[in-house]
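So the chains spell out like this:
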Amino acid sequence: MTYLDAASGEPLHPAAREVLLAAYDEGWADPARLYRDARRARMLLDNAREIVAAALGARPDEVVFTGSGTQACHLAVLGALAGRRRERVGSATSAGVLVTSAVEHSAVLQAGAWHVRRGGRHDTVGVDVTGVVDVPALAERLDRGEPERGTADEVDVVAVQAANHEVGTVQPVGDVVALATQHGVPVVVDASQSLPWGPPPDGWSVLAGSAHKWGGPAGVGVLAVRRRTRFRSVLPEDERGSGLVPGFENVPGALAAAAALRARREEAAALEERLRPLVDR
C-alpha cells in the first residue's frame, strides 16, 4: 500500500509511540500539584516544551500545548487580534483588521470569518500560479493602512502559512515578516506543514502547529507566543497553559508530540532525498 495523505496526517512515529506508552505510566498526574507524581508530570511537560521550543527557535515559556492544530490556529489568530484591540479601543477600527493569504488552511480562514461576525474585518492577499503569496500586493495593503493616515485600512495582524497543506508551496515568510515589522504589525504563522522539515524564519510573533502532521498523536497542537507580542487569549483563563489554554494538560500527548518532532527533524535530510524524486515524478 502507498499512503499519499501525509498532508492531512501521518501514522504515529515509532519514537512517539514509545514515549507515549511510557508517559501514560510516568506522566499521568496533575502537573499543577506538588506531590511526587505531580512533580514528575510537571518535569515531563516542561521537557516536552523545551524540545518543541528548541525546534521553533523559541523559549520554553513561550510554548504551550493545545487540543489540536485547529485550536492552535484559532487561538493564534484571535489572540493576536485581541491583543491589538486593547490598543485600539475607541478607534474607527477597534474590532481589528486581519490580513491573510488567500490560500490559508481552513482553520485560519474560519478564525477570520468568526472575527468578521463580531464586527472585525478580514482581507485576503492573492497568490501567483504556483501558490506563492503576492508580496508586493501585501506591501501595498500595509502601506494603505498606515496608522498616521487615520484610515479604517490599518492592519492589525497578518497571518501566513509557512507551507501550503494542499500543494506544498513554501511561502516567503521571511519577506512577509520583514514587511509587517516595518509597519509594526505582528505576524501569525501556521507552521503545521513545515515544522518537521526545519525551524521557521525569525521574526514571527505567534506560531501554530499540529502534532499529527509530523507523526505525533492526534489531538495535540502547539501554540507559541513571543514574549514581546501583545496577545490576549479569547478563552476563559485558569492557572494552566500559561493562562492561554485552560484545562488539564495532556502530558503524554505533549511528550509524544515532542519526541516525534525531534525524530522527524533528525530524519529530514534522508526523507527529502527519498521523497524529492517522487514529488518531481
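First, a word on scope: everything that follows refers to the structure included in this document. Everything numeric in this text was worked out from a predicted model, so none of it was measured.

Within this structure, the stated rule accounts for 17 salt bridges. A salt bridge links R40 to D37, with the shortest nitrogen-to-oxygen separation between them at 2.8 Å. Of this pair, R40 and D37 both sit in helix α2 (residues 36-56), separated by three residues, roughly a single helical turn. With relative accessibility at 17%, the residue D37 sits in the buried group. Measuring nitrogen to oxygen at the nearest pair gives 4.0 Å for the salt bridge that ties R240 to E239. Here R240 falls in the buried class, since its relative accessible area comes to 8%. For E239, a relative accessible area of 61% translates into the label exposed. One network of salt bridges, with partners in common, ties together D30, R33, E239, R240 and E249.

On to the pairing of strand β2 (residues 97-101). Most of β2 sits inside the fold, with five of its five residues counted as buried. Neither face of β2 is exposed, since V97, V99 and S101 on one face and L98 and T100 on the opposite face are all buried. Where β2 lies against strand β3 (residues 121-125), five bridges are found, and the strand directions are parallel. Bridging from a neighbouring strand, S101 pairs with V125 of β3.

Those residues of helix α6 (residues 173-182) not exposed but buried are V173, V176, V177, L179 and A180. Buried residues along α6 cover an arc of 165 degrees about the axis, so they all sit on one side. Residues of α6 that are exposed and point over 90 degrees away from its buried face: T181 and Q182. Count one or two residues on from α6 and you reach G184, which has phi positive near 70 degrees.

Turning our attention to the packing of helix α5 (residues 135-144) against α6. The geometry of α5 relative to α6 is characterised by a closest axis approach of 10 Å and an angle of 15 degrees between their N-to-C directions. In this view, α5 runs roughly parallel relative to α6, as classed from their interaxial angle. When you trace α5 past α6, the crossing you get is right-handed. Counted together, V135, L138, A139 and L142 of α5 and D175, V176, L179 and A180 of α6 form the full contact between these two elements. The class makeup of the residues in the contact of α5 with α6 is seven nonpolar, no polar and one charged.

Here is what the cut-offs are and how they apply
- Residues numbered from 1 in each chain as written.
- Predicted model: local features only at pLDDT ≥ 70, side-chain atom pairs only at ≥ 80, totals over all residues.
- Heavy atoms only, no water.
- Salt bridge = Lys/Arg side-chain N within 4 Å of Asp/Glu carboxyl O.
- Helix = DSSP H or I, 4+ residues; strand = E, 2+ residues; numbered from the N terminus.
- Buried < 20%, exposed > 50% of the residue type's maximum accessible area, 1.4 Å probe, protein only.
- Pairing = 2+ DSSP bridges.
- Arc of directions from axis to C-beta.
- Axes fitted to C-alpha atoms, helices over the stretch in contact; angles between N-to-C directions.
- Parallel < 35°, antiparallel > 145°, perpendicular 65-115°, else oblique.
- Left-handed = near helix turned anticlockwise from the far one by under 90°.
- Contact = heavy atoms within 4.5 Å.
- Nonpolar A, V, L, I, M, F, W, Y, C, P; charged D, E, K, R; others polar.

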